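Commentary on secondary and tertiary structure
Here is what each chain is made of, one letter per residue.
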Amino acid sequence: MKARQAFVALLTACVVGTTVWLVFFSSVLGVRSVEIVGNLTVPADQIKRQAAVADLHPLATVDLGEVQGRVLEIRQLASAKVERAWPSTLKIEVVERKPVAVVPYGGKAALIDRKGFVTEMREVAPPQLPVLRVDRPGPADPTTVAAIKVIGGLPDSLLARIDEVRATSPEGISFRLTSGRTVVWGGADRGADKVRVLQALLRRTATVYDVSSPDVVSMK
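Described in the following lines is the structure provided in the data block. (Residues numbered from 1 in each chain as written. Predicted model: local features only at pLDDT ≥ 70, side-chain atom pairs only at ≥ 80, totals over all residues. Heavy atoms only, no water.)

**Section: the sheet that holds strand β1 (residues 33-37)**
Rules: Here, any two strands with at least 2 DSSP bridges between them count as paired. To qualify as a helix, a DSSP run of H or I must reach at least 4 residues; to qualify as a strand, a run of E must reach at least 2; elements of each kind are numbered from the N terminus. Lines fitted to C-alpha atoms define the axes, with helix axes restricted to the stretch in contact, and inter-axis angles between N-to-C directions lie between 0 and 180 degrees.
The three strands are arranged β1-β3-β2 in an open sheet whose pairing can be described as mixed. On the outer flanks of this sheet lie β1 and β2 (77-85), each paired with one strand and no other. Across the sheet, the mean angle separating the axes of adjacent strands is 20 degrees when strand polarity is ignored. The sheet contact formed by β1 and strand β3 (residues 89-96) spans five bridges and is parallel. Pairing of Val37 across the sheet is with Glu93, part of β3.

**A look at the packing of aromatic side chains**
The line we're drawing: Here a Phe, Tyr or Trp ring, Trp counted by its six-membered ring, pairs with any other such ring whose centre lies within 6.5 Å, and the pair is stacked when the planes are under 30 degrees apart, edge-to-face when over 60, and tilted otherwise. Between buried and exposed lies partly exposed: a residue is buried under 20% and exposed over 50% of the maximum accessible area for its type, with that area taken using a 1.4 Å probe on protein chains only.
Following the criterion strictly, the structure yields one aromatic pair and no others. Their ring planes at 35 degrees and their centres at 5.1 Å tell us that Phe175 and Trp185 sit as a pair that is tilted. Here Phe175, found in strand β9 (residues 173-177), pairs with Trp185, found in strand β10 (residues 182-186); they are ten residues apart in sequence, far enough to count as distant. For the pair shown, Phe175 and Trp185 are each scored as buried.

**Notes on the pairing of β3**
The pairing of β2 with β3 spans eight bridges and is classified as antiparallel. Bridge pairing in β3 places Leu77 opposite Glu96. Between β2 and β3, which pair antiparallel one after the other, the connecting turn spans three residues.

**Remarks on the environment of Val183**
Tracing the sequence through the fold places Val183 in strand β10. Overall, the relative accessible area of 0% leaves Val183 in the buried class.

**Some details on the nonpolar core**
In plain terms, the rule: Definition used in this section: a nonpolar core is a set of buried Ala, Val, Leu, Ile, Met, Phe, Trp, Tyr and Cys residues joined via side-chain atoms within 4.5 Å. Only heavy atoms matter for contacts: two residues are in contact if any of them lie within 4.5 Å across the pair.
Counting 30 residues, the largest nonpolar core has Leu132, Ile173, Phe175, Trp185 and Leu198 as the members making the most contacts within it. Counting residues per element, the ones that place at least two in this core are β4 (99-105), β5 (108-113), α4 (142-152), β8 (162-167), β9, β10 and α6 (191-201). Among the elements that make up this core, the one with the highest residue count is α4 (five residues). When sequence neighbours within four positions are dropped, the list of residues in contact with Ile173 reads Ala146, Ala147, Val150, Val165, Arg166, Ala167, Val183, Val184, Trp185 and Gly186. Of all hydrophobic cores here, the second largest spans 18 residues; its members include Val31, Val67, Val71 and Val94.

Shown next, in the form of structure tokens:
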């Protein structure tokens, strides 16, 4: 009886040992593919290179947090989720930052997203994005944050008519339209009311439209 129990114990230990070896140390359950999901403009090959997971590395021992950290060094990405997909796939699901404006910087165009983060630098600004001029652009700058909030709340029909957004303070936001006319917007409050009033005012000829207080507007 004791011999049988010893044999069963030995057999169990062998099975467990083999399983541990297969899962944690061998290449049998190693990474054979990296699946990228959610990328639209960032190439999948770039994300895979940044993930830096060696082929056939045991899937069970891949440090998901470290991989996520490396992937998020790509500044066009807002978030990344890394998961194991057994038996041999590492899945990386990303969300890209969407640029909403262009900030001139050193002769180049810095594309920024809705939080004020630079997504990429370009030699030439995309024509569909408005130029944003602020003194201290960045995600921690209240003026930048307010201006981006205003831009994000504008309808496409109005946004297409804006050539440049200038913000001297969170309450000092103005637009220069492609027609050369100026809109004094004020702060980021009451955006819907300001849009409604401005769209009506633009049917009338003027060079400056002040909708900073949508209840009392003026034109020059």
